[in-house]
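What follows is each chain in one-letter form.
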Amino acid sequence: MLLQASEPITRPTFWKIGPIGKAVFYYLSVVAIVVLLWGTYDRFKRYTRGQEDWFDRLDNLPERIVVAAKIVITNEKQFDRDLVGGLMHAFIMWGFLTLFIATSILFVDMDGYRLLTGESFWVGDFYLSYSFVVDAMGLLFVVGLAIALYRRYIGHLDRLFGPNSSLEDDLFLWTLFFLGIGGYITEGIRILGTSAVRDVSFETVSFVGWFVKDVFQIAGMTPELAGQLYPIVWWAHSLNAFIFIAAIPYAKPFHMISSFANVVARDKKAGKRLPSIPSDMDADTGAASINSFSWKDILDQDACTKCGRCTAACPAHASGRPLSPRDVILDLKQYREQVDAGGEEQPIIADGGNSVIAAETMESCMACMACMDACPVEIEHLKTFTRLNRHLTDEGEIQASLQDAFRNVMQNGNTFGNNQRHRGNWTEELAFDVTDAREEEVEYLWYVGDYPSYDDRNKKVARSLARLFKEADVEFGILFEGEVYDGNDIRRVGEELLFIEQAGTMIEKFQDCEFEKIVCTDPHSMNTFKNEYPELDFGEWADDPMFDFDIDDNQWNPEADVYHWSQAVEELVRDGRLGLDGTELDYTVTYHDPCHLGRFNDVYETPRELVRATGCDLHEMPRNRADSYCCGGGGGGLWMEHEQDEKPSEERLREALEDTDAGERIEKFVVACPLCMTMYEDGRKTGGYEDDIEIVDIAELLIEAIETSRKTV
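Residues numbered from 1 in each chain as written. Predicted model: local features only at pLDDT ≥ 70, side-chain atom pairs only at ≥ 80, totals over all residues. Heavy atoms only, no water.

Trainee: Would you explain the overall build of the protein chain in this entry?
Mentor: In terms of regular secondary structure, the protein chain is built from 26 helices and 11 strands. Along the longest, intermediate and shortest principal axes, the C-alpha atoms of the protein chain span 105 × 60 × 50 Å. Out of the 713 residues belonging to the protein chain, those deemed buried represent 57%. Taking contacts inside the protein chain between residues at least 6 apart in sequence as the whole, the part at least 24 apart equals 81%. Summing over all exposed atoms, the protein chain offers an accessible surface of approximately 30800 Å²; the carbon and sulfur share of this is 54%. (Helix = DSSP H or I, 4+ residues; strand = E, 2+ residues; numbered from the N terminus. Buried < 20%, exposed > 50% of the residue type's maximum accessible area, 1.4 Å probe, protein only. Contact = heavy atoms within 4.5 Å. Areas by Shrake-Rupley, 256 points an atom, 1.4 Å probe, with all protein chains shown as cover.)

Written out as structure tokens, the structure reads:
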């Protein structure tokens, strides 16, 4: 009997299942949902055993949830660096959410609306629209999974594999794929089977299911056979769905929940600022056990999807150092799960011993934040890495060269170990006197930094910058021997107490001066003054005899803004105070984004505007701006020796000469960071590029441009 005109346009929901089968279905549904909810509760309960996090992760919670939903739904982080991967994930996620919503709508109609009203809203135009949308989005779901399977098994994308790859990863993909395919097979067989008793022409809106029906029909399947097969196919699809739902809290699918929670709890300044340690020293600030980590660190571990984007972006990994940011996070997760299951405990990190993480792995990190920038689920690798580094430092398991740097800072106030009285000697070759900011009020309080003060190559940059300030008639001054090391990199390799000592001493000096702006030569210093010093509560340390600083209000919240020098000079150029109009230096150059200026503080265009102001022909390297490749000097890299295939600085210079659109015509490699200058001058020698390219700072280009402009007048 075919469908009559008076019969509603809809479809049977439990066709050929029967009352007992329906009861079993509901029973299994409840079991799967209960297992899901209990497992999710148990996972989140586990986080409470971690340390309290330093930062408030749940302030303005409604706003955090809205922002996280936008980030997740738009897939904005997934598209970064990988268009195909972004589309793949978007298809899978949007398709999955649509299928989930569709199932929820059907549940509301069957088990709510119909019971209350005796009618169904799942009919007519609503049903037709519902069927079309579900088929279309389900198709995207299957296409996305097909792309994922292709990249994994045929394209064999390297970053998807590693020591933490497992059968679980394969099962996750194939289960989702068969859920998508199984839904269409079930739909196609239903359409074919019901065609024997009703008019199903309206089902063409389910265009994929209709196509599957046609394929089965062409293959010789009759409506009668379809009716016999339907219960088998329906139950296979349903059981697959139940198993997947129940497994979510206990396997890789949990990242669907944990990654969203991780985005909600993210710190917008993660990496730019690091957590400090409590003054009472009772808390475990290192990594003595897996519960030494904060609840957010543990959530980071669960949020990891093994996508490998962090490792693919890591310059340490690319240069052959034994660091994979993904594997550090996953190794900690695996160890935590083993301990929770009653497994034997072992050291988290040690030098040369049987530990979860090897010391040389953390020594490889450059603290460049490339891993965090690449992570689509906001894992804060540097926070975990800092905890591991602090443990190594507390145990004294660090390289001798790093210990020397610590000793130099403790004894002399600078990483070189030079006499502080000589800190301002670089000014002696200038044709003018530099103001002592301790004695006179200035507009710019210029924090020069260790390398521009003591390193011969960087002294030239400091003198160029001083001349720029003088040319613009800026009232600027420095602290001479009153200036001490800012502490940025020693903090990132784990020496927190020494960092606090340096920070307290430096802030005390700043508070004794009168100025409008703090200007830094080094982006590392800028980041520390801007993002880390304000987080420190020095009142906690006031009674500790190891510290002798005296800071007003116990905290540094200066009214003055903190600038990298390029930002200050760009204002001067824009105001016409350096006379660069019409200047043309006949150089073909490329610019390298320093990590602490770019990824840490989003300053990308200002340095480029300064380079263009000199008239140079600027060409970009393939990895630029947020994708910039670290020089290798950050995170203590400047002080340590590493076994590696190629120095990051050598790889970067090769990229400048071979991979820019200007190719070998690049004459100058332009930097804006003293550490970058040091690393690239070294890489130019060790890589054999001395005759091919020159390393210059933007300040040096600007001075040359000013001198050239005067000669042409």
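Next comes the rest of the description.
Trainee: I'm lost on the sheet that holds strand β8 (residues 588-591) in this one. Help?
Mentor: Backbone hydrogen bonds hold the strands of a sheet together, and the pairing may be parallel or antiparallel. Read from one edge to the other, the open sheet built from 4 strands follows the order β9-β8-β10-β11, with strand pairing classed as parallel. In this open sheet, the two strands that pair with only one neighbour each are β9 (617-619) and β11 (694-697). Across this sheet, the average inter-strand angle for adjacent strands is 35°, counted without regard to direction. Sheet contacts for helix α25 (residues 674-686): β10 (668-671) and β11; angle to β11, the most-contacted strand, approximately 170°. (Pairing = 2+ DSSP bridges. Axes fitted to C-alpha atoms, helices over the stretch in contact; angles between N-to-C directions.)

Trainee: Please explain the confidence of the model for the protein chain as it appears in this structure.
Mentor: The predicted coordinates of low-pLDDT regions are not to be read in fine detail. Per-residue confidence for the protein chain averages 93 on the pLDDT scale, and 97% of its residues sit at or above 70. pLDDT under 50 marks residues 1-5. Its contacts with residues more than four places away, or in other chains, come to 13 contacts. (pLDDT = per-residue confidence, 0-100.)

Trainee: Even after reading the chapter, I still don't get empty space enclosed by the protein, so can you show me in this structure?
Mentor: Which parts of space are left empty comes out when a probe the size of a water molecule is rolled across the atoms. Enumeration according to the criterion identifies 9 cavities of 30 Å³ or more in this entry. Counting only elements with at least two residues in the lining of the largest cavity, the list comes to α17 (450-454), α19 (488-492) and α21 (523-532). When residues of the lining of the largest cavity are assigned to their parent elements, the largest contribution, 3 residues, is made by α17. Classifying every residue of the lining of the largest cavity by side-chain character gives 7 nonpolar, 7 polar and 4 charged. (1 Å grid on protein atoms, 1.4 Å probe; cavity = no way out; pocket = protein on both sides within 12 Å on 5 of 7 lines; lining within 4 Å. Points joined across faces, edges and corners; volume = space filled by probe spheres on them. Nonpolar A, V, L, I, M, F, W, Y, C, P; charged D, E, K, R; others polar.)

Trainee: Just to check I follow, could you spell out α21 for this structure?
Mentor: Helical geometry: 3.6 residues make up each α-helical turn, so side chains three or four residues apart lie on a common side. Summarising burial for α21: 9 of the 10 residues are buried, a large majority. For α21, the set of buried residues is Pro523, His524, Ser525, Met526, Asn527, Thr528, Phe529, Asn531 and Glu532.

Trainee: Hey, could you run me through the nonpolar core in this one?
Mentor: As a rule of thumb, soluble globular proteins bury nonpolar side chains together. One finds Trp446, Leu468, Phe469, Phe510, Phe529 and Trp565 to be the most contacted residues of the largest nonpolar core, which totals 147 residues. Within the second largest apolar cluster, 41 residues are counted, among which are Met88, Ile92, Ala102 and Val208. (Core = buried A, V, L, I, M, F, W, Y, C linked by side-chain atoms within 4.5 Å.)

Trainee: Just checking my understanding: could you explain the packing of helix α18 (residues 456-471) against α25 for this structure?
Mentor: Two elements in contact, α18 and α25, have axes separated by 10 Å at closest approach and are oriented at 140°. In terms of orientation, α18 and α25 fall into the oblique class. Our pair here, α18 against α25, has a crossing hand that is right-handed. Contact residues: α18 offers Arg457, Asn458 and Val461, while α25 offers Pro674, Met677, Thr678 and Glu681. The residue inventory of the contact of α18 with α25, partitioned by class, reads 3 nonpolar, 2 polar and 2 charged. (Parallel < 35°, antiparallel > 145°, perpendicular 65-115°, else oblique. Left-handed = near helix turned anticlockwise from the far one by under 90°.)

Trainee: Mind showing me how you'd approach unusual backbone geometry here?
Mentor: The bulk of non-glycine residues show a negative phi, and the bulk of peptide bonds are trans. Residue Asn60 is not a glycine yet carries a positive backbone phi of 50°. With respect to the helices, strands and loops of the structure, Asn60 is situated in the loop between α1 (18-47) and α2 (61-74). One non-glycine residue, Arg81, lies in the positive phi region at around 70°. Structurally, the position occupied by Arg81 is in the loop between α2 and α3 (83-117).

Trainee: I keep staring at the layout of surface pockets and nothing clicks. Help me out?
Mentor: Estimates place the volume of the second largest pocket at around 620 Å³. The wall of the second largest pocket is formed by 25 residues, among which Arg43, Asp302, Lys333, Arg336 and Glu337 lie closest to the centre. Taken together, the elements giving at least two residues each to the lining of the second largest pocket come down to α1 and α12 (325-340). Here the lining of the second largest pocket takes 6 residues from α12, the largest share from any one element.

Trainee: Explain helix α9 (residues 295-303) to me, please; I cannot follow it from the model alone.
Mentor: By the criterion of burial, α9 is predominantly enclosed, with 8 of the 9 residues buried. Taken residue by residue, α9 has Lys296, Asp297, Ile298, Leu299, Asp300, Gln301, Asp302 and Ala303 as its buried positions. Of the surrounding secondary structure, the elements contacted by the buried residues of α9 are α1, α8 (255-264), α12 and α15 (381-395).

Trainee: Explain the sheet that holds strand β5 (residues 476-478) to me, please; I cannot follow it from the model alone.
Mentor: Ordered in space as β3-β5-β4-β6-β7, the 5 strands form an open sheet in which the pairing is parallel. With one partner strand each, in any of the chains shown, β3 (435-436) and β7 (561-564) form the two edges of the open sheet. Packing against the sheet, helix α22 (residues 565-574) makes contact with β4 (444-447), β6 (517-520) and β7, and its axis sits at approximately 90° to β7.

Trainee: Can you walk me through the pattern of salt bridges in this structure?
Mentor: Taken as a whole and judged by the stated rule, the model has 60 salt bridges. Residue Arg81 is joined to Asp627 by a salt bridge in which the shortest nitrogen-to-oxygen separation is 2.9 Å. Of the two residues, Arg81 is situated in the loop between α2 and α3 and Asp627 in the loop between β9 and α24 (648-658); the sequence distance between them amounts to 546 residues. Owing to a relative accessible area of 38%, Arg81 belongs among the partly exposed residues under this scheme. Of the residues examined, Asp627 reaches a relative accessible area of 29% and is grouped as partly exposed. The shortest N-O distance in the salt bridge between Arg273 and Glu535 comes to 2.6 Å. Linking Arg273 in the loop between α8 and α9 with Glu535 in the loop between α21 and β7, this pair joins segments that are 262 residues apart in sequence. One network of salt bridges, with partners in common, ties together Asp53, Arg57, Lys296, Asp297, Asp300, Glu380, Lys383 and Arg387. (Salt bridge = Lys/Arg side-chain N within 4 Å of Asp/Glu carboxyl O.)

Trainee: I keep staring at the packing of aromatic side chains and nothing clicks. Help me out?
Mentor: In this description, a pair of aromatic rings is defined by centroid distance and the angle of the planes. Tallying each qualifying case throughout the model produces 38 aromatic pairs. Here the aromatic rings of Trp122 and Tyr127 are separated by 5.1 Å at their centres, their planes lie at 90°, and the arrangement is edge-to-face. With respect to class, Trp122 is no different from Tyr127; both count as buried. Ring plane angle 70° and centroid distance 6.2 Å describe the contact between Tyr127 and Phe202, whose orientation is recorded as edge-to-face. Of this pair, Tyr127 sits in helix α4 (residues 124-153) while Phe202 sits in the loop between α5 (167-194) and α6 (207-218), placing them 75 residues apart in sequence. The exposure class of Phe202 is buried, given its relative accessible area of 12%. In this structure an aromatic cluster arises from ring pairing among Tyr113, Phe121, Trp122, Phe126, Tyr127, Tyr130 and Phe202. One residue, Arg43, lies across the ring of Phe254, its end atom 4.3 Å from the ring centre. Over the ring of Phe293 we find Arg387, and its NZ or CZ is 5.8 Å from the ring centre. (Phe/Tyr/Trp six-rings, centres within 6.5 Å; stacked < 30°, edge-to-face > 60°. Lys NZ or Arg CZ within 6 Å of the ring centre and 35° of its normal.)

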